[in-house]
Amino acid sequence: QVELVESGGGLVQAGGSLRLSCTASGNIFSIYSMGWYRQAPGKQRELVATIANGGSVHYADSGKGRFTISRDNAGNTVYLQMNSLNPEDTAVYYCNVHYVLLGDYWGKGTQVTVSS
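Residues numbered from 1 in each chain as written. Predicted model: local features only at pLDDT ≥ 70, side-chain atom pairs only at ≥ 80, totals over all residues. Heavy atoms only, no water.

Caption draft 1: Highlighting the environment of phenylalanine 29. Looking at the element boundaries, phenylalanine 29 is found in the loop between strand 3 (18-26) and strand 4 (31-39). Residues phenylalanine 29 and glycine 54, 25 residues apart in the sequence, show an inter-C-alpha distance of 14 Å. (Helix = DSSP H or I, 4+ residues; strand = E, 2+ residues; numbered from the N terminus.)

As structure tokens, this is what we get:
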């Protein structure tokens, strides 16, 4: 059984920062990558950033230069540092864990609201 617990969302003014975190429990030994996706009202869920074993990272263009993804040494917690936030970043942010054999698991989501 895999459980993902997210935290760190909230309300922030434009130009502000937030740090999201997500901790995976249960099966953590075959994680291939961890990441963040987001879904704004009326839009499809989209990639924000991922980080694979070994540290390879990938960012969506929308977050390049503003967002930083990282993982702790144990490998089961992923962070998303978001700076210079703007109202277009308002969305529910979902943690994703991808297993080689088990596939994808998702967190319940955490709301990020950026006011102008």
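Further notes follow.
Caption draft 2: Molecular detail of the pattern of salt bridges. In the structure shown here, the tally under the stated rule is four salt bridges. When the shortest N-O distance is used, the salt bridge between aspartate 89 and arginine 38 registers 2.9 Å. Of this pair, aspartate 89 sits in the loop between strand 8 (77-82) and strand 9 (91-99) while arginine 38 is found in strand 4, placing the two residues 51 residues apart along the sequence. Using a relative accessible area of 6% as the deciding quantity, one classes arginine 38 as buried. (Salt bridge = Lys/Arg side-chain N within 4 Å of Asp/Glu carboxyl O. Buried < 20%, exposed > 50% of the residue type's maximum accessible area, 1.4 Å probe, protein only.)

Caption draft 3: Structural view of the packing of aromatic side chains. Within this structure, the stated rule accounts for two aromatic pairs. Relative to tryptophan 106, the ring of tyrosine 37 has its centre 5.0 Å away and its plane inclined at 70 degrees; by these criteria the two rings are edge-to-face. With a gap of 69 residues between them, tyrosine 37 in strand 4 and tryptophan 106 in strand 10 (residues 103-106) connect regions that are remote in the sequence. The partly exposed category is assigned to tryptophan 106, whose relative accessible area is 37%. Considering the side-chain rings of tyrosine 99 and tyrosine 105, the 5.6 Å spacing of their centres and the 80 degrees angle between planes classify their relative orientation as edge-to-face. Judged by its relative accessible area of 29%, tyrosine 105 falls in the partly exposed class. Lying over the aromatic face of tyrosine 94, arginine 45 brings its terminal NZ or CZ to 3.7 Å of the ring centre. It is arginine 45 that lies over the ring of tryptophan 106; its NZ or CZ is 4.7 Å from the centre. (Phe/Tyr/Trp six-rings, centres within 6.5 Å; stacked < 30°, edge-to-face > 60°. Lys NZ or Arg CZ within 6 Å of the ring centre and 35° of its normal.)

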